[in-house]
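What follows is each chain in one-letter form.
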Number of protein chains: 2
Amino acid sequence: MARKSYPGGMSTTPTTDWLRLDQQICFSLNAASRAFGGVYRVVLKDLGLTYPQYLVMLVLWEHGDLPVKKLGEHLRLDSGTLSPLLKRLEAAGLVRRERSARDERSVEVRLTEEGTAMRERALEVPRRIATATGFDVDEIRALRARLDDLTTALDAAVAEETGGGR
Amino acid sequence: MARKSYPGGMSTTPTTDWLRLDQQICFSLNAASRAFGGVYRVVLKDLGLTYPQYLVMLVLWEHGDLPVKKLGEHLRLDSGTLSPLLKRLEAAGLVRRERSARDERSVEVRLTEEGTAMRERALEVPRRIATATGFDVDEIRALRARLDDLTTALDAAVAEETGGGR
DNA sequence: CACAATTCAATTGTGCACAACTGAATGGCC
DNA sequence: GGCCATTCAGTTGTGCACAATTGAATTGTG
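Residue positions are counted from 1 within each chain, in the order its sequence is given. Chains and ligands are labelled sequentially in the order written, the chains with letters from A and the ligands with numbers from 1. pLDDT decides what is reported in this predicted model: residues at 70 or higher carry local features, side-chain atom pairs at 80 or more are listed and counted, and totals for whole chains, interfaces and linings draw on all residues regardless. Note: side-chain values were computed over all heavy atoms of the structure, leaving out hydrogens and water.

**Remarks on the packing of helix H2 (residues 51–63) of chain B against helix H4 (residues 79–91) of chain B**
All names here are of chain B. Axes, fitted as lines to C-alpha atoms, cover a helix only where it is in contact. Angles between the N-to-C directions of the axes lie from 0 to 180 degrees. Numbering of helices and strands runs from the N terminus; a helix is a DSSP stretch of H or I covering at least four residues, while a strand is a stretch of E covering at least two. Two elements in contact, H2 and H4, have axes separated by 11 Å at closest approach and are oriented at 80°. As summarised for this structure, H2 and H4 are arranged roughly perpendicular, according to the angle between their axes. Residue-level contacts link Pro52, Gln53, Val56 and Met57 of H2 to Leu82, Leu85, Leu86, Arg88 and Leu89 of H4. Class assignment of the residues belonging to the contact of H2 with H4 gives a composition of seven nonpolar, one polar and one charged. Note on terminology: angles under 35 degrees are roughly parallel, angles over 145 are roughly antiparallel, angles of 65 to 115 are roughly perpendicular, and the others are oblique. Whether two residues touch is decided by their heavy atoms; if any such pair falls within 4.5 Å, the residues are in contact. By the convention adopted, Pro, Cys, Tyr, Trp, Phe, Met, Ile, Leu, Val and Ala count as nonpolar, Lys, Arg, Asp and Glu as charged, and the other residues, Gly among them, as polar.

**What to know about the protein's contact with DNA strand C**
For DNA strand C, the set of nearby residues contains 26 residues, the closest of which are A:Thr81, A:Arg88, B:Lys69, B:Ser79 and B:Lys87. At the protein interface, 77% of the atoms of DNA strand C within 4 Å belong to sugar or phosphate. Within the side chain of A:Gln53, an N or O atom sits 3.1 Å from a phosphate oxygen of DNA strand C. At 2.9 Å from a phosphate oxygen of DNA strand C is found a side-chain nitrogen or oxygen belonging to B:Ser83. A class-by-class count of the residues in the surface near DNA strand C yields six nonpolar, eight polar and twelve charged. If a single non-hydrogen atom of a residue is within 4 Å of a molecule or strand, that residue counts as near it. We call two N or O atoms a polar contact when they sit within 3.5 Å, provided that within protein one can donate a hydrogen and the other can accept it, with sequence-adjacent residues counted only if both atoms are side-chain atoms.

**Notes on the protein's contact with DNA strand D**
Around DNA strand D, the surrounding shell holds 26 residues, and the nearest of these are A:Lys69, A:Ser79, A:Arg97, B:Thr81 and B:Arg88. The sugar and phosphate moieties of DNA strand D supply 78% of its atoms located within 4 Å of the protein. Measuring from a base nitrogen of DNA strand D, one finds a side-chain N or O atom of A:Ser79 at 2.5 Å. One nitrogen or oxygen atom from the side chain of A:Ser83 is found 2.9 Å from a phosphate oxygen belonging to DNA strand D. For the surface near DNA strand D, the secondary-structure elements that each account for two or more residues are helix H1 (25–44), helix H3 (68–75), helix H4 (79–91) and strand E2 (95–99) of chain A together with H2 and H4 of chain B. Each residue belonging to the surface near DNA strand D can be placed in one class, and the counts come to six nonpolar, eight polar and twelve charged.

**Focus: the nonpolar core**
Put simply, buried Ala, Val, Leu, Ile, Met, Phe, Trp, Tyr and Cys residues joined by side-chain atoms within 4.5 Å make one nonpolar core. The buried label goes to any residue with under 20% of its type's maximum accessible area, the exposed label to any with over 50%, and the partly exposed label to all in between, with areas taken from a 1.4 Å probe on protein chains only. The biggest cluster of nonpolar side chains holds 100 residues, and the ones touching the most others in it are A:Tyr54, A:Leu71, A:Leu147, B:Tyr54, B:Leu71 and B:Leu147. These domain boundaries are the output of an automatic or database domain assignment. A domain-level breakdown of this core finds at least three residues from each of domain 1 (27–122) and domain 2 (124–160) of chain B. Dropping the residues within four chain positions of it, B:Leu71 is found in contact with B:Val56, B:Val59, B:Leu60, B:Leu66, B:Leu82, B:Leu86 and B:Val109.

**Describing the relation of the copies chain A and chain B**
The copies are overlaid by a least-squares fit using only the C-alpha atoms of residues whose pLDDT is at least 70 in both copies. Each copy of the sequence occupies a distinct position, and chain A is placed on chain B by a rotation of 180° and an axial shift of 0.0 Å, giving an RMSD of 0.1 Å. What we have between these two chains is a two-fold relation. Both copies contact each other with a shared surface, as 94% of the interface residues of chain A are interface residues in chain B too.

**A few points about H4(B)**
Residue and element names in this part refer to chain B. One less than the number of residues in a helix, times 1.5 Å, gives the span that helix is expected to have. Taking 1.5 Å of rise per residue, 13 residues should cover 18 Å, and H4 covers 17 Å from first to last C-alpha, within 8% of that figure. Of the positions making up H4, those classed as buried are Leu82, Leu85, Leu86 and Leu89. Taken around the axis of H4, the buried residues stretch over an arc of 105°, which confines them to a single face. Away from its buried face, by an angle of more than 90 degrees, H4 presents the exposed residues Gly80, Lys87 and Ala91. The secondary structure elements touched by the buried residues of H4 are H2, helix H3 (68–75), strand E2 (95–99) and strand E3 (107–111). One or two residues past the end of H4 sits Gly93, with phi positive at roughly 80°. By construction, the arc corresponds to the directions joining the helix axis to the C-beta atoms.

Shown next, in the form of structure tokens:
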């Protein structure tokens, strides 16, 4: 871990170094994301949920019943991911899916009794996760803010490169 | 509910509901990770690589030929993920897989000429990614350090809960 | 040497992410 | 009213992550 002193200034960054694995922010992010997955796998086992399923439940607990489209907007997921996931939640008895009466294209995702009741048991999850991080609340908040900045910038960059830059 | 003071009585934390989606660090991390995936998808399209394939190539460029096991240690991936991925890289002509002569259990992953040559074209990737983040080098390094701390803490927590606490 | 435990890559099975497409329902516009 | 673009959920196909298992090769121990 020595070498590579970018003296403080940012301008002099030898190109050769950039490919170094440990320099890759993406790698760290990816690793952290998967490490989180591992913790959630353990913590959520009692509830019988996967991590993406848990995120869906969080949205439903917070916002109540939602059409698939809205659910996807909250989670940045499309129907290709949500449709099978919701089927599994339905098979587990946590949600029902009902075609909307006023718009037959839309499917309403509704919590069942059992799905609603699960919230009580889930209240402990975030605290256990926070403890596992070893970060205090302010640190978590600061990191989260940085990550959200990053996401915003990256989405903008993609939009520019694929959609807008024409 | 909530408001139970935290691991050290850290400040008040007025967060009434920890279940709120936007409080979830995991969500931010997950979103950032997928946003990165989107940028890489665009940037790597020219090379014909996916992001995990690119990570494998990075390791090989840095460390030279490696057995599957070592590759997995660098990337935190097991053979269940690597075996099919390496087959695709082999089909693309970027690597060869050869059973080790001195240990027939092991499979050496070797760069082909074409795989080695690709490095030149890949040199531009990290810069394009860095630009897309909108962060300068110091910010990136700071964020990366935080993420690595996080990963270390999370891995330790999982190990404690599943392996060590016996 | 024999044999049990371990190591290693591969395979199987489940679940997620995402692009591309399908097909039905809707809404705007003449 | 009839037509066409759009919206929405679902399906298909590819690729990754990971747990669990398999089977061959190797190592450790007596």
